[in-house]
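Chains, contacts and geometry: an overview
In case you want the letters, here they are:
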Amino acid sequence: MPSGMRRLSTWRRWSLWMLLGVLVVALLATLVWLAARYEASVAQGNVERDAADALSDIRSALTRNVQELQALHAAHHREGGTWHVAADQLLRAHREWVRLEWRGPALELRAEADSPYRPPVFTRMGRGHAQPELQQACNAAARTSSHAYARSYFVPQADGLGLELMELCLPQVEVGRLTGFIVATYSLTDLLATHIGPQMGRSQEISFTEADGTRLAMHGLARRGQRVFTAQQLLDLPGATMVLRMDSWRRPEPDLFPNFMTALVTVMSIALVTVLFMLGHDTRRRLRVEEDLADALAFRKAMEDSLVTGLRARDLQGRTTYVNPAFCQMVGFGPEELLFSGPPAPYWPPEMADDYRKRQEVRLAGGNSPPREGFESVFMRKDGTRFPVLIIEAPLINAQGLQTGWMSAVLDISEQRRVEELSRASQERLQATARLATVGEMASLLSHELNQPLAAIASYANGSMNLLRDAPAPAPDLRVAMTRIAEQAERAGRVIKSVHDFVRRRDQAREAVHPKALVEAVLPLVNLQARKLGVRVELRIPEGLPRVLCDRTMVEQVLLNLARNAMQAMDEARVAQPALLLQARAVPAPEGAKRWLEFSVADRGPGIPEEVQKQLFTPFYTTKAEGMGLGLSLCRTVVEQHGGQLLYEANVPQGTIFRFTLPAQSAESA
Ligand code: ADP
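Summarised in this report is the structure supplied together with it. For clarity, every value in this text was computed on a predicted model and none was experimentally measured.

**Observations regarding the site of the ligand**
- In the neighbourhood of the ligand, 18 residues make up the surrounding shell, with N565, D603, T622, T623 and L632 lying closest.
- Between T622 and the ligand, the recorded distance is 2.6 Å, taken from a side-chain N or O atom to an oxygen atom.
- The separation between an oxygen atom of the ligand and a polar side-chain atom of K624 is 2.9 Å.
- When the ligand is considered free in solution it has 530 Å² of accessible area, and contact with the protein chains removes 92% of it.
- No other element matches the three residues that helix α12 (residues 552–572) contributes to the shell around the ligand.
- Residues of the shell around the ligand, tallied by class, amount to eight nonpolar, eight polar and two charged.

**Side note on the state of the cysteines**
- In this structure the tally under the stated criterion is one disulfide.
- Here C138 connects covalently by a disulfide to C169, the sulfurs 2.1 Å from one another. Around the S-S axis, the bridge from C138 to C169 shows a dihedral of about 100° and counts as right-handed. Pair noted here: C138 is in helix α3 (residues 131–144) and C169 is in strand β5 (residues 162–174), with a separation of 31 residues, a long-range link. You'll find C138 and C169 in the same group, each marked buried.
- For the unlinked cysteine C635, the closest cysteine sulfur is that of C550, found at 14 Å.

**Some details on the nonpolar core**
- One finds I58, L69, W83, L100, Y149 and F208 to be the most contacted residues of the largest nonpolar core, which totals 45 residues.
- Sorting elements by how many residues they give to this core places helix α1 (residues 3–79) first, with eleven residues.
- If near-sequence neighbours (up to four positions away) are discounted, L69 is found in contact with L90, W97, L100, L168, L170, I182 and A184.
- With 42 residues, the next largest nonpolar core counts V548, L560, V575 and V639 among its residues.

**Concerning the sheet that holds strand β10 (residues 240–249)**
- Pairing is antiparallel in the open sheet, where four strands are placed in the order β8-β7-β10-β9. Every interior strand has two partners, whereas the edge strands, β8 (215–220) and β9 (228–237), have only one. Going across the sheet, the axis of each strand differs from the next one's by a mean of 20°, ignoring polarity.
- Of the pairings in the sheet, the one linking β9 to β10 comprises ten bridges and is antiparallel in character. Residue pairing in the sheet places V228 in a bridge with W249 of β10.
- Each of β7 (204–209), β8 and β10 is contacted by helix α4 (residues 188–195), which is oriented at about 30° to β8, the strand it contacts most.

Parameters at a glance
Residues numbered from 1 in each chain as written. Predicted model: local features only at pLDDT ≥ 70, side-chain atom pairs only at ≥ 80, totals over all residues. Heavy atoms only, no water. Near = heavy atom within 4 Å. Polar contact = N/O pair within 3.5 Å; in protein donor to acceptor, adjacent residues only side chain to side chain. Areas by Shrake-Rupley, 256 points an atom, 1.4 Å probe, with all protein chains shown as cover. Helix = DSSP H or I, 4+ residues; strand = E, 2+ residues; numbered from the N terminus. Nonpolar A, V, L, I, M, F, W, Y, C, P; charged D, E, K, R; others polar. Disulfide = S-S within 2.5 Å. Buried < 20%, exposed > 50% of the residue type's maximum accessible area, 1.4 Å probe, protein only. Core = buried A, V, L, I, M, F, W, Y, C linked by side-chain atoms within 4.5 Å. Contact = heavy atoms within 4.5 Å. Pairing = 2+ DSSP bridges. Axes fitted to C-alpha atoms, helices over the stretch in contact; angles between N-to-C directions.

Below is the structure:
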């Protein structure tokens, strides 16, 4: 992966993780907030309920009090003069009253009683201080013929504190006529303390306030917590309206978590964050492993690509599942042509596909395990050429230990084969050369040894001829025979010398010889054999041919050898009308270029079979029982030493033509 792309994807991954983290934190914060809010609403609900309960308690207490006051009035009427006793009794039972009064229709005081629980409240300021409120309450009561309250008012006390008081006025009506009033003075603080106090919680505070929030009286522990929940209820009494307010403080928490719900959510949040962290950690580890793996893969790929050994994997159905570039290059097929192909694979030579298929079936059936050192086979390139390969196979085992196919390493061994072939050929050539050297030694020994007997033969022949010349009537044939003997003996001497020179690689004596002279020199020997084998010999040597520049004796040997081979071939094949054609002609050449002469020896023999053709010029190759196999190889050496070429071709309709070229004498030197 290019580093730029890698950086980008890393960045993206990080931003995703960050986004996830932010989302989770936001979610958790929301959850905690919701839990806290839920708790708050529960607490608020509790306060509201408590406030409502308190209100109804106060209401019923006030109603009950009114009834008791009415009873006081009734009792007084029945028994007479006992008002004080009844009033004292009531005051003892009701701490919330500070004073009870019996007043006439014009509010003149008839009787009075103060609460036994506190010093009389009006001693300092005087009763007149409360006159307006009293007036207000009783006026309202007289008007409605029912009890009525007045607005509360504050009375300072001797101890520096004060009391918030409220007047209750109860009209006394007898036979439709107002006879007086019962006035009860409530202490609001005590009203709260006696009726609400007992069932109040420790962290609660209850108070009466005015509509604008001014606190009139309160009860409760003033221990403040961190949060306060407040509920308000309207207490509307005939003639007076107040607000009952309840404050509830949350206890200062001993631990971090106010309650189970929040704690649960927090624990879950911590667990979630932990899991998230672990997941992140795991992903990072995976990423590292992934990167390592990618590196290893790239390394392996580079290794496979750099290999010269072809790699090929096959599944258990024999289909190719993998090839490396070296294998593709070897067989010339692209990976797309090879993958999931076969059997037969496209690189199997059609003529061997059946064998290969059988071999593969046996292999896939687990029949035979491939040899460790590999086996040789032949593959076909895309262009159809075959080439030898060495295949080393091993089973392909997957991570679960199951065999999923076969992996083969394939080596192209055609080059190796070629080198082997070359070294074998050069080995053979070396052996032939060694033998040739021996032959050369032998030839020079022979030529040395034969020179003297030949010279003796020649001189004896010449001597005999001299004797015959002086003899009276010699047979003429004898004279000719003697001449021939002398000539051939001389010729044999020349051949031997020539071979000796050739073997010793001395500079051959080049002379300009007329082609006709060359042919005619070997003709007697050719004719001798031709007569024996019944071969008709024909010469075609036109007049006016240039002379040939050559080692005469060796070229004569070449001609003789070719003619002999031709006649032997026709004889062996028992050709019906054996004929031999010796021909010489000038090779057409542009003006000024070097001139060449071409000699040819044509027969009507069986031709040269293909397997013989391959080794025709190999030294010591012969098809004959008594043959040496040196003839043609020597002939070619001789011709090539002259700068010419020895070739052969099929004769039409049958037979063989051997041709060789020799340099002609240039026109000017002629
Ligand atoms: P040799 O004559 O000793 O066998 P050569 O080198 O002259 O050795 O010939 C090699 C082989 O070439 C012969 O054995 C023969 O089979 C084949 N040969 C040569 N000339 C001819 C020909 N004109 N027709 C058919 N076969 C020939």
